[in-house]
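Take a look at the letters that make up each chain.
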Amino acid sequence: MASEDVKTSESAVSKIVNLAEEAKLAGEGVKAPSYAVLSICKSLVAGGVAGAVSRTAVAPLERLKILLQVQNPHSIKYNGTIQGLKYIWRTEGFRGLFKGNGTNCARIVPNSAVKFFSYEQASKGILYLYQHHTGNDAELTPLLRLGAGACAGIIAMSATYPMDMVRGRLTVQTEKSPYRYRGIFHALSTVLREEGPRALYRGWFPSVIGVVPYVGLNFAVYESLKVWLIKTKPLGLAEDSELSVTTRLACGAAAGTVGQTVAYPLDVIRRRMQMVGWKEASSVVIGDGRNRAPLEYNGMIDAFRKTVRHEGFGALYKGLVPNSVKVVPSISLAFVTYEVVKDILGVEIRISD
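Small disclaimer: the values here were computed from a predicted structure and weren't measured.

**Comments concerning empty space enclosed by the protein**
And then number 1: For the coordinates displayed, the defined rule picks out three cavities of 30 Å³ or more.
And then number 2: Taken as a whole, the largest cavity encloses approximately 450 Å³ of empty space.
And then number 3: Surrounding the largest cavity, 28 residues form its lining, R55, V211, Y214, D267 and R270 being those nearest its centre.
And then number 4: Of all elements in the fold, only α3 (59-70), α5 (101-134), α6 (142-172), α8 (204-232), α9 (245-275) and α12 (320-345) reach the threshold of two or more residues within the lining of the largest cavity.
And then number 5: Per-element tally for the lining of the largest cavity: the top contributor is α9, with seven residues.

**Here's the deal with the packing of α6 against α8**
And then number 1: Packing of α6 against α8 brings their axes to within 7 Å, and their N-to-C directions diverge by 135 degrees. When the axis of α6 is compared with that of α8, the two are oblique. Crossing handedness for the pair α6 and α8: right-handed.
And then number 2: Per-class residue counts for the contact of α6 with α8 are 15 nonpolar, six polar and two charged.

**A closer look at the confidence of the model for the chain**
And then number 1: On average, residues of the chain score 77 in pLDDT, and 79% of them reach the 70 mark or higher.
And then number 2: Low pLDDT, under 50, characterises residues 1-10; the predicted model gives this stretch zero contacts beyond four residues in sequence or across chains.
And then number 3: Scored below 50 in pLDDT, residues 349-353 shows 15 contacts in the model against residues more than four places distant or in partner chains.

**Examining the pattern of salt bridges**
And then number 1: Under the criterion given, the structure shown has 17 salt bridges.
And then number 2: R63 is the salt-bridge partner of E92, the closest N and O atoms lying 3.2 Å from each other. With a gap of 29 residues between them, E92 in helix α4 (residues 81-97) and R63 in helix α3 connect regions that are remote in the sequence.
And then number 3: The class for E92 is buried, based on a relative accessible area of 14%.
And then number 4: Linking E195 and R169 is a salt bridge whose minimum nitrogen-to-oxygen distance equals 2.7 Å. Separated by 26 residues along the polypeptide, E195 in helix α7 (residues 184-195) and R169 in helix α6 bring together distant segments of the chain. Each member of the pair E195 and R169 is classed as buried.
And then number 5: Each of the salt bridges in this network shares a partner with another, and the network as a whole consists of E62, K65, D164, R167, D267, R270 and R271.

**Concerning the packing of α9 against helix α11 (residues 300-311)**
And then number 1: Packing of α9 against α11 leaves a shortest axis separation of 10 Å and a crossing angle of 100 degrees. The orientation of α9 with respect to α11, classified from their angle, is roughly perpendicular. Along the contact surface, α9 presents P265, L266, I269, R272 and M273, while α11 presents M300, A303, F304, T307 and E311.
And then number 2: Considering only residue class, the contact of α9 with α11 consists of seven nonpolar, one polar and two charged.

**A look at the nonpolar core**
And then number 1: Among the nonpolar cores identified, the biggest contains 35 residues, and F116, V166, L188, V191, F219 and F335 are the most heavily contacted of them.
And then number 2: Of all the secondary structure elements, the ones that give two or more residues to this core are α2 (33-57), α5, α6, α7, α8, α9 and α12.
And then number 3: Beyond its immediate stretch of four places on either side in the chain, F116 contacts G47, A50, F219, A334, F335 and Y338.
And then number 4: L64, V70, Y78 and M275 belong to the second-largest nonpolar core, a separate cluster that totals 10 residues.

**Notes on α7**
And then number 1: Between its first and last C-alpha, α7 extends 16 Å over 12 residues, near the 16 Å set by a 1.5 Å rise per residue.
And then number 2: All of the buried residues along α7 are I184, H186, A187, L188, T190, V191 and E195.
And then number 3: A positive backbone phi angle near 90 degrees is found at G196, which sits one or two residues after α7.

**Side note on the side chain of E62**
And then number 1: Looking at the element boundaries, E62 is found in helix α3.
And then number 2: Overall, the relative accessible area of 4% leaves E62 in the buried class.

**Section: the packing of aromatic side chains**
And then number 1: Tallied over the full model, the rule gives nine aromatic pairs.
And then number 2: Taking the centre distance of 5.2 Å and the plane angle of 90 degrees together, the rings of Y78 and Y87 count as edge-to-face.
And then number 3: Ring centres of F116 and Y338 lie 4.1 Å apart, and the angle between their planes is 15 degrees; on these two criteria the pair is classed as stacked. Placement of the pair is F116 in helix α5 and Y338 in helix α12, with a sequence separation of 222 residues. For the residue pair F116 and Y338, the accessibility class agrees, reading buried in each case.

**A closer look at the environment of R145**
And then number 1: Along the chain, R145 turns up in helix α6.
And then number 2: A C-alpha to C-alpha distance of 9.0 Å links R145 and A122, two positions 23 residues apart in sequence.
And then number 3: Within the structure, the side chain of R145 is placed 3.3 Å from the backbone oxygen of L140, a separation counted as a polar contact.

**Topic: a nonpolar patch on the surface**
And then number 1: Among the surface-exposed residues, Y201, W204, F205 and I209 lie close enough to one another that they form a single nonpolar patch of about 370 Å² accessible area.
And then number 2: Relative to the helices and strands, I209 resides in helix α8.

**Description of the environment of A138**
And then number 1: Secondary-structure assignment places A138 in the loop between α5 and α6.
And then number 2: A138 gets classed as buried once you look at its relative accessible area, which sits at 16%.
And then number 3: Spatially, the C-alpha atom of A138 lies 9.4 Å from that of Y128, the residues being 10 residues apart in sequence.
And then number 4: Excluding anything up to four places from it in sequence, A138 contacts L127, Y130 and Q131.

Cut-off values and rules
- Residues numbered from 1 in each chain as written.
- Predicted model: local features only at pLDDT ≥ 70, side-chain atom pairs only at ≥ 80, totals over all residues.
- Heavy atoms only, no water.
- 1 Å grid on protein atoms, 1.4 Å probe; cavity = no way out; pocket = protein on both sides within 12 Å on 5 of 7 lines; lining within 4 Å.
- Points joined across faces, edges and corners; volume = space filled by probe spheres on them.
- Helix = DSSP H or I, 4+ residues; strand = E, 2+ residues; numbered from the N terminus.
- Axes fitted to C-alpha atoms, helices over the stretch in contact; angles between N-to-C directions.
- Parallel < 35°, antiparallel > 145°, perpendicular 65-115°, else oblique.
- Left-handed = near helix turned anticlockwise from the far one by under 90°.
- Nonpolar A, V, L, I, M, F, W, Y, C, P; charged D, E, K, R; others polar.
- pLDDT = per-residue confidence, 0-100.
- Contact = heavy atoms within 4.5 Å.
- Salt bridge = Lys/Arg side-chain N within 4 Å of Asp/Glu carboxyl O.
- Buried < 20%, exposed > 50% of the residue type's maximum accessible area, 1.4 Å probe, protein only.
- Core = buried A, V, L, I, M, F, W, Y, C linked by side-chain atoms within 4.5 Å.
- Expected span 1.5 Å × (residues − 1).
- Phe/Tyr/Trp six-rings, centres within 6.5 Å; stacked < 30°, edge-to-face > 60°.
- Polar contact = N/O pair within 3.5 Å; in protein donor to acceptor, adjacent residues only side chain to side chain.
- Patch = residues over 30% accessible without salt bridge, like charges linked within 9 Å, V, L, I, M, F, W, Y side chains within 5 Å.
- Areas by Shrake-Rupley, 256 points an atom, 1.4 Å probe, with all protein chains shown as cover.

What follows is the structure in structure tokens.
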């Protein structure tokens with residue numbers, strides 16, 4: 001009996017010690033797997049909300065930009081930002097200004113979620129390797145932020161590219177189009193059936209090349225400006241290591257302007273390649289009457305060469321004005337909405353420390 005009592009006591013003591021060790025580990029900040037999953041989900045939600053808000057706010061300008069990029073040069077219907085928006089309003093009404101926005105949001109929500117999350121993870125990984133290599137508590141340089149942003153852009157763009165492809169086609173449809181896609185899934189199934197699965201990734205290569213400077217510069221310029229403003233505190237723009245919403249919007253505007261200007265010609269080529277193979281394309285793309293001429297490109301280089309030869313170098317910047325007007329509020333809203341939503345959800349965001 002005495003030996004059984006001793007064993008029972010030892011067992012109880014052992015359990016108490018184990019519980020104490022578990023409590024100690026918890027007190028030292030060991031987080032359960034569920035916390036990590038919850039943090040990832042909150043990060044993805046914040047990125048998705050940021051994408052939906054920013055794109056819906058500038059949907060009319062986004063549609064006009066694509067129409068200007070792909071319209072037949074011999075059958076001009078959209079000639080400038082103001083005229084183009086008025087023409088859409090007159091011929092298609094208010095809904096015409098937001099045509100393709102549903103598809104755009106269906107694409108941009110996962111795209112933005114993956115992009116912001118990928119940037120955070122890439123930044124942490126690159127910072128860890130950089131600190132391990134230098135042997136000190138170094139911070140991310142603008143070049144390293146550019147690399148992290150480029151990785152995030154490529155991952156997000158590749159994951160959602162088929163949606164971007166059909167979004168481009170849905171956007172250029174008009175009421176007079178000879179054949180109309182009825183929606184996202186109808187467009188996807190039609191392209192798969194008539195043009196094959198490779199068609200869903202038509203224009204992917206120039207997109208990859210373009211997304212490196214575009215997304216990379218967006219993140220690099222935005223994060224670098226934030227760090228510089230917090231450290232130097234010029235004109236009292238930073239208080240207690242925090243920037244106001246207005247200042248962050250200005251940082252986002254600067255980042256968007258730099259990124260889109262550098263990468264814009266590749267965006268034009270991507271859009272034009274996405275229209276290739278569309279048998280019953282909108283008249284905006286192939287023109288009317290004698291000017292009917294379907295787009296035919298054999299690749300990215302061929303698309304560049306034919307565009308410049310037939311329309312001049314300026315054609316690579318068609319739609320730049322509405323895109324510039326769009327990109328400032330769009331990028332600004334995306335960054336600020338992302339940070340505000342993450343703050344509301346209680347997620348730590350210190351990717352630039």
